[in-house]
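Chain residues, written in single-letter form:
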Amino acid sequence: MSEAEMMTKIQRLQSELKDARNELCYQCKRYKEAHLGACDDCRYRHGGEWEEDLNDD
């Protein structure tokens, strides 16, 4: 597999992971109170432990 193919696959998987995270938040419904700290202990929250893996920086 070429480097370009690997990067394309990584980007696709990052997109799928973002979609999955959004679906988890939607199912949980606590995101409505995230500003009150409801999501502070969630591993899927924006800025959480997955955030570094989801960004291409």
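In what follows, the structure referred to is the one given above.
The present account deals with the structure reproduced in this document. The structure displayed is predicted, hence computed values, not measured ones.

### Considerations on the side chain of arginine 21
At step 1: Structurally, arginine 21 is set in helix 1 (residues 3-28).
At step 2: The contact partners of arginine 21, leaving out residues within four places of it in the chain, are Tyr44, Arg45, His46, Glu51 and Leu54.

### Concerning unusual backbone geometry
At step 1: The backbone phi angle of lysine 29 is positive, close to 70°, even though this residue is not glycine.
At step 2: Tracing the backbone shows lysine 29 in the loop between helix 1 and helix 2 (51-54).
At step 3: The exposure class assigned to lysine 29 is partly exposed, which follows from its relative accessible area of 36%.

### Side note on the environment of aspartate 40
At step 1: Considering the arrangement of structural elements, one finds aspartate 40 in the loop between helix 1 and helix 2.
At step 2: Between the C-alpha atom of aspartate 40 and that of cysteine 28, which follows or precedes it by twelve residues, the distance is 14 Å.

### With respect to helix 1
At step 1: Under the 1.5 Å per step criterion, the end-to-end length of helix 1 is 37 Å for 26 residues, consistent within 8% with the ideal 38 Å.
At step 2: Residues of helix 1 that are buried include every one of Gln14, Arg21 and Cys25, and no others.
At step 3: Looking at the buried positions of helix 1, the neighbouring elements they touch are helix 2.
At step 4: Lysine 29 sits one or two positions beyond helix 1 and adopts a positive phi of about 70°.

Reading the values: the criteria
Residues numbered from 1 in each chain as written. Predicted model: local features only at pLDDT ≥ 70, side-chain atom pairs only at ≥ 80, totals over all residues. Heavy atoms only, no water. Helix = DSSP H or I, 4+ residues; strand = E, 2+ residues; numbered from the N terminus. Contact = heavy atoms within 4.5 Å. Buried < 20%, exposed > 50% of the residue type's maximum accessible area, 1.4 Å probe, protein only. Expected span 1.5 Å × (residues − 1).

These results come straight from atomic positions and should not be treated as a statement about function.
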